[in-house]
Amino acid sequence: MQRFPFLLWTLLFCLAFSTCIARQGPWVMRISCGARLNVHTAPTNTLWNKDFAYTGGIPANATRPSNISPPLKTLRYFPLSSGPNNCYNINRVPKGHYTVRVFFGLDGHRNFDNEPLFDISIEGTQIYSLKSGWTNHDDQVFTEALVFLTDGTASICFHSTGHGDPAILSIEILQMEDRAYYFGPAWVQGIILRTAARLSCGNGKPKFDVDYSGDHWGGDRFWSPIKTFGQGSDLARSTESGIKKASNAPNYYPEALYQTALVSTDTQPDLAYTMDVDPNRNYSIWLHFAEIDSSVTAAGKRVFDILINGVVAFEDVDIVKMSGDRYTALVLNTTVTVSGRTLTIGLQPKEGSHAIINAIEVFEILTSESKTLLEEVRALQSLKSALSLPLRFGWNGDPCVPQEHPWNGADCHFDKTSSKWFIDGLSLDNQGLRGFLPNDISRLRHLQNINLSDNSIRGAVPPSIGTIPGLVVLDLSYNSFNGSIPESLGQLTSLRRLNLNGNSLSGRVPAALGGRLLHGASFKYAGFEWNFLCSFTDNAGLCGIPGLRTCGPHLSAGEKIGIAFGTSVGFLLMVICSMCWWKRRQNILRAQQIAERGAPYAKARTQLSHDIQMTRHYSHGNARTAAENGPSLLS
């Protein structure tokens, strides 16, 4: 009997704990662009992370274009000299659904005469182009999109259009519920919703969700105030009563959003809101209602139709009936295609004389761009580093998307089978390139054309080029390539033009290439028959085909190594023998020097002994002779 309360409490604790785990706060990243330290802003004490190692560009002091912009003092701008494409690359982003918001700024030091106008893309999809006069409109000082981030990174890019340098005040990445703003079967992870308008009707001040004390899972949306749709066409209404069913999953709208509204008048019973849009686009429209007018006490007292560009989208809308009660939130959603440049939302009363609306959201529906094959992106990044590609190229982001801003010098092709882009051409001739050509170029498996002529690229021609199966044109002329021509180039059966002239190449031209030249090889490509064209001139060390010098005895690579090794060993033996001879010679000379130093003393002793012996000999044998001949020398 006593175990039951214990089990009950354990169960309740587990339920509470699992609920807490499930409702952990959303992942949030806010960056104060150009800031060297973390920043907290009033009045919400919001944390903005310092701007470190995300991108290039130049930090500068900021001028806020609007009061709704975060109160930050720095920004980062991207001069055209750093390239037309610049990106913030943010890593370790959990997989999920996010609101990505970018605020624009003005450089406080450079005193722009004109507003910078540029394009913005997220994950390779262009979402927005700044319009002239954006500094005068609160809803245009930022752009916002709802996007799925699935690969652990977020890439937010800014593309120059020739109208000033992109300048970014802040970036926000705010996690939302995965099914937030689900609008029907067409809603998939490949869909991006760009915020075109978000209006709080009957309100007089711009507010974010945080100002409304909204749930963090709502993404901290910004609501533009709209006091009226037209002079004398409506009246503002408000209430302090609580609103039921407002802050519910998956969208978590703030309750205060439904406490203000616009109501039509007797002289103008219809309500109509018109906004400018881009033509030939699909839009997701979200309309918010709550019956907060005390004069409407029951269902059937207010009924109206909702029209989008004159076409009925919702008929017989009765807020009290559809929401279940007064002071209860009702959200209606529809998707429309707009062919013109305006979108009009109209409300026409049918029962009761007035229509009412609390808030409006309009999203442009974008389809995410297919990305470039990851292996080829990495190969181009390796090529960028090895060739010391100038900053002005701006090889940042995705090479092929957005399609409005591909990388300079990289030709893209879309493969419908894999739904991926790939690189089929490199046109980087006469660009002042230095460095060397890396083996990673072979990872660009779809290349048909490589033109790197008229640069200062040094080093060997990588043999891996011979493994690119569809290569048709290879032009490496007028560089500083050295070494031999790789045998693998002869395996490129699709190759119709090979220009290697104007380098420092040496050795025998590969037999496969020489044979194709001698026999006038030709083949069909793109429906035409082509002759094989090749140029090896201005390479003093090349030999083996007509027009070049005659090669000596052909040696294999192993033989060349053997000869080099034998020569080295012979030279080493000569050095050793020379050293031994020199050492022996030094010893002999040293011995002679010692002998010469002792020679006078030794010679004197030897001569004295010899003289004494001779004297004795002659004295004994010739005594009489000596007496006869005269007195002795010793007498």
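Residues numbered from 1 in each chain as written. Predicted model: local features only at pLDDT ≥ 70, side-chain atom pairs only at ≥ 80, totals over all residues. Heavy atoms only, no water.

A. Local environment of unusual backbone geometry. The step from alanine 42 to proline 43 runs through a cis peptide bond, and the omega angle for that step is 0°. Relative to the assigned elements, proline 43 resides in the loop between strand 2 (39-41) and strand 3 (46-48). A cis amide bond links valine 401 to the next residue, proline 402, at an omega of 0°. Note on placement: proline 402 falls in the loop between helix 3 (374-386) and strand 27 (410-415). Phi is positive for alanine 53, close to 65°, though the residue is something other than glycine. Within the secondary structure layout, alanine 53 lies in the loop between strand 3 and strand 4 (58-63). (Helix = DSSP H or I, 4+ residues; strand = E, 2+ residues; numbered from the N terminus.)

B. Highlighting the sheet that holds strand 29 (residues 449-451). Across the sheet, which stays open at both edges, the six strands sit in the order 27-28-29-31-33-37 with mixed pairing between neighbours. Unpaired on one side and paired on the other, strand 27 and strand 37 (533-535) mark the two borders of the sheet. Averaged over all pairs of adjacent strands, the angle between strand axes in this sheet comes to 20°, irrespective of strand direction. For strand 31 (residues 473-475) and strand 33 (residues 497-499), the ladder comprises three bridges, and the chain directions are parallel. Residue leucine 474 lies in a different strand from strand 33, and its bridge partner there is leucine 498. (Pairing = 2+ DSSP bridges. Axes fitted to C-alpha atoms, helices over the stretch in contact; angles between N-to-C directions.)

C. Representation of the side chain of arginine 30. Following the sequence through the fold, arginine 30 ends up in strand 1 (residues 28-32). Accessibility expressed as a relative area gives 14% for arginine 30, which makes it buried. Of note is the side chain of arginine 30, whose polar atom sits 3.5 Å from the side chain of aspartate 220. (Buried < 20%, exposed > 50% of the residue type's maximum accessible area, 1.4 Å probe, protein only. Polar contact = N/O pair within 3.5 Å; in protein donor to acceptor, adjacent residues only side chain to side chain.)

D. Here's a closer look at the nonpolar core. Among the nonpolar cores identified, the biggest contains 59 residues, and Phe289, Ile306 and Ile360 are the most heavily contacted of them. With residues near it in sequence (within four places) discarded, isoleucine 306 still touches Leu287, Phe289, Val311, Val312, Ala313, Phe314, Val317, Leu332, Gly346 and Leu347. In this structure, Ile127, Val147, Leu169 and Ile192 belong to the second largest nonpolar core, which totals 45 residues. (Core = buried A, V, L, I, M, F, W, Y, C linked by side-chain atoms within 4.5 Å. Contact = heavy atoms within 4.5 Å.)

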